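The chain contents come next:
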Amino acid sequence: QVQLVESGGGLVQAGDSLILSCTASGSTFSNYRTAWFRQAPGKEREFVAIISGSGASTFYANSVKGRFTASRDNAKNSVYLRMNSLKPEDTAVYYCAAEQGPINPASSRNRSDPNRYHNWGQGTQVTVST
């Protein structure tokens, strides 16, 4: 089992940048692929990005590709999401989620299906104003 806590959300203007952090405890974090999801009011939970346990591999949703960057520092038990050029449509609660095992590059569900993850943080609010 691993426990996750997100931080770093806040209120920013369109075009600004923000860095989210996800800090883990309770297990060997390098064994976990770790994803970022977001959920806006009235919308389904949406995949944003995923990073492998080693940090060697990443995948991004098309909506954030080129703007968001996932990274990790296993010595600090942390995963990060740097968000550049933020848009109002990025407004959502952002969650980190972790699951043991590697990313399967041949399986979209392995990466982006929320049901494949059994460890979730409580979320952090990101609000982007116009």
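In short, a report on the structure.

Conventions and cut-offs
Residues numbered from 1 in each chain as written. Predicted model: local features only at pLDDT ≥ 70, side-chain atom pairs only at ≥ 80, totals over all residues. Heavy atoms only, no water. Disulfide = S-S within 2.5 Å. Helix = DSSP H or I, 4+ residues; strand = E, 2+ residues; numbered from the N terminus. Buried < 20%, exposed > 50% of the residue type's maximum accessible area, 1.4 Å probe, protein only. Core = buried A, V, L, I, M, F, W, Y, C linked by side-chain atoms within 4.5 Å. Contact = heavy atoms within 4.5 Å. Salt bridge = Lys/Arg side-chain N within 4 Å of Asp/Glu carboxyl O. Polar contact = N/O pair within 3.5 Å; in protein donor to acceptor, adjacent residues only side chain to side chain. Pairing = 2+ DSSP bridges.

**What to know about the state of the cysteines**
Thinking step 1. For the coordinates displayed, the defined rule picks out 1 disulfide.
Thinking step 2. Note on cysteine connectivity: Cys22 is disulfide-linked to Cys96, with sulfurs 2.1 Å apart. The chirality of the disulfide connecting Cys22 with Cys96 is right-handed, given an S-S dihedral of about 65°. Of this pair, Cys22 sits in strand 3 (residues 18-25) while Cys96 is found in strand 9 (residues 92-100), placing the two residues 74 residues apart along the sequence. Grouping residues by exposure puts Cys22 and Cys96 together as buried.

**Some remarks on the nonpolar core**
Thinking step 1. Residues Leu81, Met83 and Tyr94 are the most contacted members of the largest nonpolar core, which totals 35 residues.
Thinking step 2. Listing elements by their share of this core, those giving two or more residues are strand 3, strand 4 (32-39), strand 5 (46-51), strand 7 (68-73), strand 8 (78-83), strand 9 and strand 11 (124-129).
Thinking step 3. Ignoring sequence-local partners within four residues, the contact set of Tyr94 consists of Glu6, Leu20, Phe37, Arg38, Val48, Phe68, Leu81, Met83, Gly123, Thr124 and Val126.

**Quick notes on the environment of Gly15**
Thinking step 1. Within the secondary structure, Gly15 is located in the loop between strand 2 (10-13) and strand 3.
Thinking step 2. Once the C-alpha coordinates of Gly15 and Asn84 are considered, the two residues, 69 residues apart in sequence, prove to be 7.1 Å apart.
Thinking step 3. Setting aside anything within four residues of it in sequence, one finds Gly15 in contact with Ser85 and Leu86.

**Let's talk about the pattern of salt bridges**
Thinking step 1. Under the criterion given, the structure shown has 3 salt bridges.
Thinking step 2. One salt bridge connects Asp90 with Arg38, and the closest N-O pair in it is separated by 2.9 Å. Taken together, the residues Asp90 in the loop between strand 8 and strand 9 and Arg38 in strand 4 connect sequence positions 52 residues apart.
Thinking step 3. Where Arg67 meets Asp90, a salt bridge forms, and the shortest distance between an N and an O atom there is 2.8 Å.

**With respect to the environment of Val79**
Thinking step 1. Positionally, Val79 belongs in strand 8.
Thinking step 2. When the C-alpha atoms of Val79 and Asn115 are compared, they prove to be 20 Å apart, with 36 residues separating the residues in sequence.
Thinking step 3. What Val79 contacts, discounting residues up to four positions off in sequence, is Leu20, Ser21, Cys22, Phe29, Thr34, Trp36, Ile51, Ser71 and Arg72.

**With respect to the side chain of Thr124**
Thinking step 1. Residue position: Thr124 is located in strand 11.
Thinking step 2. In terms of polar contacts, Thr124 uses its side chain to reach the backbone amide nitrogen of Gly9, at 3.1 Å.

**Brief notes about the pairing of strand 9**
Thinking step 1. Counting buried residues along strand 9, 7 of its 9 residues qualify, which places the element largely inside the surrounding structure.
Thinking step 2. Both strand 4 and strand 9 contribute to a ladder of 8 bridges, which runs antiparallel. The partner of Thr34 across the bridge, within strand 9, is Ala98.
Thinking step 3. Alignment of strand 9 against strand 11, held across 3 bridges, turns out to be antiparallel. Paired with Ala92 across the strands is Val126, a residue of strand 11.
Thinking step 4. Two elements, strand 9 and strand 10 (residues 119-120), share 2 bridges in a ladder whose sense is antiparallel.

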